[in-house]
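Chain residues, written in single-letter form:
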Amino acid sequence: MADEKPKDEKPNEGEQIVEVYRCLDWVVLTTDGNMYPPGTILDLSHLPDKSIQRFLKKGLYELAEGEPANVPQPLIGSEKATGRKRRPCCK
Amino acid sequence: MALPDGMTSCAMCVQYNTATGTATWIDASDALSVVEPPSQARMTGEAYVFGEDVAVTGVGKREPVEVTVRGVFAEGSTTAHPFYQIYAQFTTACGGPFAVRWAPASCTTDHEVFSTNTVDSEVVSVTFPAGEAGSADPIMFEAVIRSRDITRAVWS
């Protein structure tokens, strides 16, 4: 596609790269305590990389693309609303 | 194969919520003392024919599950103690939602949690606190939560 961005594109200043993951089984997040069914896209930035790698290895998660369900929608006009960018996969 | 680590319920945690769906879970570990191991069964059936000595067996759908929780009674308001939350949901017309989940090894990353269905769980029985003159045991209460199933999840 013509408008597809290259994979190694660096984020603009102020943009935050957050990898998101799709859970492949039911999970409960320690951050909000909610239970999420398989297929839900989640932001696991609260976990250390080591834990994420272990969960990936166990098959509990896979890398995904999309908006995570566990991040509250930022308020329109807030700093977060304009400064957040997600690049979920494709390393 | 290595011998598995034995687990105890020393650090088990129990939580409940009183709203449908993935609502706020409230920790009740300081009030509840027992979650009786629930079991869920499948419907089974059989028929016999004249020509054979054994049954023709059938297996059907999963039956509902009932989880019994027991706790130490304490007087308080509706927000202070799970007994009052349980009682409030029990006395709600047609039964208010009450889901319970428990993590045998603790509510921390990597550990597993088992939960009654968050859409369809109700209190169907309450045993009220009572006493006995010749006992020094703490006063307990008990409740039975009926649910369509139990979900296993992992804390992460």
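About the cut-offs
Residues numbered from 1 in each chain as written. Chains lettered and ligands numbered in written order. Predicted model: local features only at pLDDT ≥ 70, side-chain atom pairs only at ≥ 80, totals over all residues. Helix = DSSP H or I, 4+ residues; strand = E, 2+ residues; numbered from the N terminus. Buried ≥ 20, exposed ≤ 12 C-beta atoms within 10 Å, placed from the backbone. Rg over C-alpha atoms; globule rule 2.2 N^0.38 Å. Contact = placed C-beta atoms within 7 Å. Nonpolar A, V, L, I, M, F, W, Y, C, P; charged D, E, K, R; others polar. Pairing = 2+ DSSP bridges. Axes fitted to C-alpha atoms, helices over the stretch in contact; angles between N-to-C directions. pLDDT = per-residue confidence, 0-100. Arc of directions from axis to C-beta.

Undergrad: Can you break down the overall build of chain A residue by residue, with the values?
TA: A count of helices and strands for chain A gives two helices and seven strands. Counting from the amino terminus, helix and strand elements in chain A follow one another as β-β-β-β-β-α-β-α-β. Buried positions account for 18% of the 91 residues belonging to chain A.

Undergrad: Kindly report on the overall build of chain B, identifying the contributing residues and their values.
TA: Counting its regular elements, chain B contains one helix and 11 strands. Put simply, chain B runs from its N terminus to its C terminus through helices and strands in the order β-β-β-β-β-β-α-β-β-β-β-β. Relative to a compact globule of 156 residues, whose C-alpha radius of gyration would be 15 Å, chain B shows 19 Å and is clearly more extended. Considering only C-alpha atoms, chain B reaches an extent of 65 × 45 × 40 Å along its principal axes. The proportion of buried residues among the 156 residues of chain B is 26%. Within chain B, contacts between residues at least 6 apart in sequence are counted, and of these 60% link residues at least 24 apart.

Undergrad: An account of the interface of chain B and chain A is needed here, citing residue identities and associated values.
TA: Residue-level contacts link 13 residues of chain B with 14 residues of chain A. Sorting the residues of the side of chain B that touches chain A by element identifies strand 8 (112-116) and strand 11 (150-155) of chain B as the ones contributing at least two each. Among the elements that take part in the side of chain B that touches chain A, strand 11 of chain B stands out by supplying five residues, more than any other. For the side of chain B that touches chain A, the residue count by class is five nonpolar, seven polar and one charged.

Undergrad: How would you summarise the sheet that holds strand 6 (residues 65-72) of chain B if you had to cite specific residues and measurements?
TA: Residues and elements named next belong to chain B. If you walk across this open sheet you meet the four strands as 3-6-10-9, and the pairing is antiparallel. The two strands at the open ends of the sheet, each matched to only one other strand, are strand 3 (32-35) and strand 9 (121-127). For this sheet the average axis-to-axis angle between neighbouring strands, irrespective of direction, equals 25°. Inspection of the sheet shows strand 9 paired to strand 10 (residues 140-147) by six bridges, in the antiparallel sense. Of the residues in strand 10, the one forming a bridge with Ser125 is Val144. Relative to the sheet, helix 1 (residues 82-91) contacts strand 3, strand 6, strand 9 and strand 10, its axis offset from that of strand 9 by approximately 110°.

Undergrad: Describe the sheet that holds strand 8 of chain B, naming the residues involved and giving the relevant values.
TA: Reading across from one edge, 4(A)-3(A)-11(B)-8(B)-7(B)-1(B)-2(B) is the order of the seven strands in this open sheet, with mixed pairing throughout. Strand pairing shows two members of the sheet lacking a second neighbour, strand 4 (35-36) of chain A together with strand 2 (26-27) of chain B, which therefore form its edges. Bridge count for strand 3 (residues 27-28) of chain A against strand 4 of chain A is two bridges, and the pairing is antiparallel. Its bridge partner being in strand 4 of chain A, Val27(A) is matched across the sheet by Tyr36(A).

Undergrad: Could you give an account of the confidence of the model for chain A, naming the residues involved and the relevant values?
TA: Residues and elements named next belong to chain A. In the predicted model, chain A carries a mean pLDDT of 76, and the fraction of residues at 70 or more is 59%. Here helix 2 (residues 79-83) stands out as the least confident element of chain A, with mean pLDDT 44; strand 2 (residues 20-23) is the most confident, with 95. For the stretch residues 1-5, pLDDT sits under 50, and the model shows zero contacts to residues farther than four places along the chain or on other chains. Here residues 78-84 is a poorly scored stretch, pLDDT under 50, and it has eight contacts once near neighbours within four places are set aside; other chains count.

Undergrad: I'd like to hear about the pairing of strand 4 (residues 42-47) of chain B, residue by residue, with values.
TA: Two faces belong to every sheet, and in a regular strand the side chains alternate between them. Residue and element names in this part refer to chain B. Counted residue by residue, strand 4 has zero buried out of six residues, so it is predominantly exposed. Two strands pair when backbone bridges link them, and strand 4 and strand 5 (residues 56-62) are joined in this way by five bridges, in the antiparallel orientation. Bridge pairing in strand 5 places Arg42 opposite Arg62.

Undergrad: Explain helix 1 of chain B to me, using residue names and the numbers behind them.
TA: Residues of helix 1 of chain B that are buried include every one of Pro82(B), Phe83(B), Gln85(B), Ile86(B) and Gln89(B), and no others. Looking down the long axis of helix 1 of chain B, one finds its buried residues gathered within 165° of arc, a one-sided arrangement.

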